[in-house]
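Spelled out, the chains give:
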Amino acid sequence: DDTGHHVAVTVAETVQHFITTMDAVKLEQRAVDELQPLLSDLMHALTRLPDTPNDFEPNRKVSKWLQKLNAMRAVEQIDEDDARQLYLDLDSAYAEFTRYLKKKK
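Residues numbered from 1 in each chain as written. Predicted model: local features only at pLDDT ≥ 70, side-chain atom pairs only at ≥ 80, totals over all residues. Heavy atoms only, no water.

Okay, the packing of helix H1 (residues 2-26) against helix H4 (residues 80-104) next. A pair of packed helices is captured by two measures, namely the crossing angle of their axes and the spacing between those axes. Relative orientation of the contacting elements H1 and H4 amounts to 160°, with a least axis distance of 10 Å. One element, H1, and the other, H4, form an angle in the roughly antiparallel class. Helix-helix and strand crossings are classified by hand; for H1 and H4 the assignment is left-handed. On H4, the residues that touch Val11, Thr14, Val15, Phe18, Thr21, Met22, Val25 and Lys26 of H1 are Ala83, Leu86, Tyr87, Leu90, Asp91, Ala93, Tyr94, Phe97 and Leu101. Looking at side-chain class alone, the contact of H1 with H4 contains 13 nonpolar, 2 polar and 2 charged residues. (Axes fitted to C-alpha atoms, helices over the stretch in contact; angles between N-to-C directions. Helix = DSSP H or I, 4+ residues; strand = E, 2+ residues; numbered from the N terminus. Parallel < 35°, antiparallel > 145°, perpendicular 65-115°, else oblique. Left-handed = near helix turned anticlockwise from the far one by under 90°. Contact = heavy atoms within 4.5 Å. Nonpolar A, V, L, I, M, F, W, Y, C, P; charged D, E, K, R; others polar.)

Here we come to the pattern of salt bridges. Counted under the stated rule, the structure contains 7 salt bridges. In this structure, Lys68 and Asp82 form a salt bridge, with 3.3 Å as the shortest nitrogen-oxygen distance. Of the two residues, Lys68 sits in helix H3 (residues 57-70) while Asp82 sits in helix H4, which places them 14 residues apart along the sequence. Because the salt bridges share partners, they merge into one network encompassing Glu57, Arg60 and Lys61. (Salt bridge = Lys/Arg side-chain N within 4 Å of Asp/Glu carboxyl O.)

Bringing the packing of H3 against H4 into the picture now. The contact between H3 and H4 brings their axes to 8 Å, and the two run at 155°. If you check the angle between H3 and H4, you find them roughly antiparallel. Of the two elements, H3 crosses H4, and the hand of that crossing is left-handed. In contact with Glu57, Pro58, Lys61, Val62, Lys64, Trp65 and Lys68 of H3, H4 contributes Asp82, Gln85, Leu86, Asp89, Leu90, Ser92, Ala93, Glu96 and Phe97.

What follows is about the packing of aromatic side chains. Evaluated as defined, the whole model comprises 4 aromatic pairs. Between the aromatic rings of Phe18 and Tyr94, the centroid separation amounts to 5.2 Å while the plane-to-plane angle is 65°, which identifies the pairing as edge-to-face. Within this pair, whereas Phe18 is found in helix H1, its partner Tyr94 is found in helix H4, the two being separated by 76 residues in sequence. You can call Tyr94 partly exposed: its relative accessible area is 24%. Taking 6.3 Å as the distance between ring centres and 35° as the angle between the ring planes, the aromatic pair formed by Tyr94 and Phe97 counts as tilted. Of the two residues, Tyr94 and Phe97 are both situated in helix H4; the distance of 3 residues between them amounts to about one turn of the helix. Three or more aromatic residues link up through ring pairs in this structure, and these residues are Phe18, Tyr94 and Phe97. (Phe/Tyr/Trp six-rings, centres within 6.5 Å; stacked < 30°, edge-to-face > 60°. Buried < 20%, exposed > 50% of the residue type's maximum accessible area, 1.4 Å probe, protein only.)

Our next topic: unusual backbone geometry. The phi angle of most residues is negative, glycine excepted, and most peptide bonds adopt the trans form. In this structure, Glu28 takes a positive phi of about 65° despite not being glycine. Along the polypeptide, Glu28 turns up in the loop between H1 and helix H2 (32-48). Positive phi, normally seen in glycine, also occurs at Asp51, with a value near 65°.

Purely spatial values, then, with no claim about function.
Below you can see the structure in the form of structure tokens.
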């Protein structure tokens, strides 16, 4: 059915965005103009998922980082402490996302 296919595609895209963003942080990309578009794409994918709760933790965490980066200039960089926190937040958001998917079945 079309709805199931659409959800499967959205889930696959969301996983891809999580991995791409986490890889960028792991590969020491620190500039706002490198990280912000990746987080923006991830947030867009997360908000397209159907039936997520209003307080869905992955959305909250990604949104918090987007707000932080949007308040900075494109040429600015996050420091090492922020990079570690961003990676940890993405990792726990991804874990929460996969838990949510397993509960849905």
